[in-house]
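Coordinates in review
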Amino acid sequence: MKQKKLLYTGKAKSVYHTDVKGTLIVEFRDDITAFDGGKKDTLMNKGGYNAGVSAFFFSCLEENGVKTHFLEMLDEKRMVVRELSMIPLEVIVRNFAAGSIVRNYPFKEGSPLKPPVIVIDYKDDSRHDPMLNDDLIIALRLVTPPELKRIKTIALRVNALLSGLLAKEGITLVDFKLEFGRQGKTIYLGDEISMDSMRLWDKKTGESLDKDVYRFNKGDVMATYQVVAARITKKQKSGAAKKAVAAPKNSKKRAR
Ligand SMILES: Nc1ncnc2c1ncn2[C@@H]1O[C@H](COP(=O)(O)OP(=O)(O)O)[C@@H](O)[C@H]1O
Ligand SMILES: [Mg+2]
């Protein structure tokens, strides 16, 4: 597979054409941003940690019947994916109140959200990703009503699988963001599932294990990403990941 022309460069990843039809290469760069791009840095190896964790989760999800764009890793930072026509939605699943939901609504930080809350934002930096509701999503013709239902079902399935997997490593999946896209009529999970797109808390210490360390200067960001990436992916080779994913029949309970 050959990397061809640059298609798009975003805040943290660059997307390239390839010589294979219907595929793209996503390069996870070492750039990190927060607060709508207001805070920016380049952190050595960050791209590799996020790429590794994303590849690991996409593989686990595929093994459990979730269709993702992930095809293979070319090297530590470059992922071959299905070329999708992206749907400009940020699908956020929240298991505990944290971040913007605490700033905007009277939730107490860390309070459990049972059942999980799905929030969908319009992915548009120039508009600061405003929150949508079902009627707006349909009126904007971003997806059809059955597609919206399907996207929510997939998001909750991903939540159950990832919560179970992370719980086995002593990590609480507080919330995370997904992006979806279409290839033909099929909807695939795209983009990334990484420390930049999830909010993770250590079950024992309550410590942040994600981009909040960068946002709020909570410590050594790269040391955190390195340890979390190793903690999440280390069991991949032993096959334990498969077991961990298969286990949570009652994942809502296990996840918390
Ligand atoms: N499989 C895919 N096909 C096409 N585009 C994708 C795919 N997966 C992710 N993307 C898009 O590629 C971009 C990734 O780069 P990123 O730095 O995250 O950009 P952004 O700043 O727009 O969030 C995103 O806009 C994302 O929607
Ligand atoms: Mg992005």
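Scroll up a little and you will see the structure.
So, how was this worked out
Residues numbered from 1 in each chain as written. Chains lettered and ligands numbered in written order. Predicted model: local features only at pLDDT ≥ 70, side-chain atom pairs only at ≥ 80, totals over all residues. Heavy atoms only, no water. Helix = DSSP H or I, 4+ residues; strand = E, 2+ residues; numbered from the N terminus. Rg over C-alpha atoms; globule rule 2.2 N^0.38 Å. Buried < 20%, exposed > 50% of the residue type's maximum accessible area, 1.4 Å probe, protein only. Contact = heavy atoms within 4.5 Å. Lys, Arg positive; Asp, Glu negative; His and termini not counted. Charge placed at Lys NZ, Arg CZ, Asp CG, Glu CD. Salt bridge = Lys/Arg side-chain N within 4 Å of Asp/Glu carboxyl O. Pairing = 2+ DSSP bridges. Axes fitted to C-alpha atoms, helices over the stretch in contact; angles between N-to-C directions. Near = heavy atom within 4 Å. Polar contact = N/O pair within 3.5 Å; in protein donor to acceptor, adjacent residues only side chain to side chain. Areas by Shrake-Rupley, 256 points an atom, 1.4 Å probe, with all protein chains shown as cover. Nonpolar A, V, L, I, M, F, W, Y, C, P; charged D, E, K, R; others polar. Expected span 1.5 Å × (residues − 1). Arc of directions from axis to C-beta. Phe/Tyr/Trp six-rings, centres within 6.5 Å; stacked < 30°, edge-to-face > 60°. Lys NZ or Arg CZ within 6 Å of the ring centre and 35° of its normal.

**A look at the overall build of the protein**
Of the regular secondary structure elements, the protein holds 8 helices and 13 strands. Radius of gyration (C-alpha) of the protein: 17 Å, near the 18 Å computed for a compact globule of 256 residues. In terms of overall dimensions, the protein has C-alpha extents of about 45 × 45 × 40 Å along its principal axes. By the burial criterion, 50% of the 256 residues in the protein qualify as buried. Pairs at least 24 apart in sequence give 58% of the contacts found in the protein among residues at least 6 apart. Side-chain charges of the protein comprise 46 positive and 32 negative groups, with the mean position of each set lying 7 Å from the other.

**Quick word on the pattern of salt bridges**
A complete count under the given rule lists 20 salt bridges for this structure. The salt bridge partner of E90 is K123, with a shortest N-O separation of 3.9 Å. Remark: K123 occurs in the loop between β10 (112-122) and α3 (134-139) and E90 occurs in strand β9 (residues 89-96); sequence separation between them is 33 residues. Look at K123 and you get partly exposed, because its relative accessible area is 33%.

**A closer look at the sheet that holds strand β7 (residues 78-82)**
Strand order in this open sheet of 5 strands is β1-β2-β3-β7-β6, and the pairing throughout is antiparallel. The strands lining the two open edges of the sheet, one partner per strand, are β1 (3-9) and β6 (70-73). Within the sheet, the average angular offset between the axes of one strand and its neighbour, ignoring direction, is 30°. As defined by bridge partners, strand β3 (residues 23-28) adjoins β7 across 5 bridges and the pair is classed as antiparallel. Note on β7: the bridge partner recorded for E27 is R78. Seen against the sheet, helix α1 (residues 46-63) touches β3, β6 and β7 and runs at an angle of roughly 135° to β6.

**A word on the site of ligand 1**
Surveying the vicinity of ligand 1 reveals 15 residues, the closest of which are Y8, A12, K13, K123 and E179. Here a nitrogen atom of ligand 1 sits 2.8 Å away from a polar atom, N or O, in the side chain of H69. Residue D191 places a main-chain N or O atom 3.2 Å away from a nitrogen atom belonging to ligand 1. About the coverage of ligand 1: the protein hides 90% of its 550 Å² of free accessible area. Of all the secondary-structure elements, those providing two or more residues to the shell around ligand 1 are β2 (13-18) and β7. Per-class residue counts for the shell around ligand 1 are 7 nonpolar, 2 polar and 6 charged.

**Some points on α1**
In this model, α1 (18 residues) spans 26 Å end to end at C-alpha, consistent with the 26 Å of a helix rising 1.5 Å per residue. The element α1 is largely enclosed, with a buried count of 14 among its 18 residues. A positive phi of about 85° marks G65, the residue just after α1.

**Observations concerning unusual backbone geometry**
Note the cis peptide between K114 and P115, where omega equals 0°. Topologically, P115 is positioned in strand β10.

**A look at helix α6 (residues 221-233)**
Taking 1.5 Å as the rise per residue, α6 with 13 residues should run 18 Å; its terminal C-alpha atoms sit 18 Å apart, in good agreement. Residues V221, M222, T224, Y225, V228, A229, I232 and T233 constitute the buried set of α6. Viewed end-on, α6 has its buried residues packed into an arc of 155°, placing them on one side of the element. At its buried positions, α6 is contacted by β4 (31-34), α1, α4 (145-167), β11 (171-183), β13 (198-202) and α5 (212-215). Of the residues that open α6, the one with a side-chain oxygen 3.2 Å from the backbone nitrogen of M222 is D220.

**What about the packing of aromatic side chains?**
Throughout the structure, instances matching the rule amount to 3 aromatic pairs. Pairing F56 with F57 gives two aromatic rings, centres 5.7 Å apart and planes at 50°, and the pair type is tilted. Both residues of the pair, F56 and F57, belong to the buried class. Ring geometry for F58 and F70: centres 6.4 Å apart, planes at 20°, overall stacked. Placement of F58 in helix α1 and of F70 in strand β6 is noted, with a sequence separation of 12 residues between them. Assigned by exposure class, F58 and F70 land together as buried. Between K13 and the ring centre of F28, over which it is positioned, the NZ or CZ distance is 5.9 Å. Sitting over the face of the ring of Y214, K39 holds its NZ or CZ atom 4.4 Å from the ring centroid.

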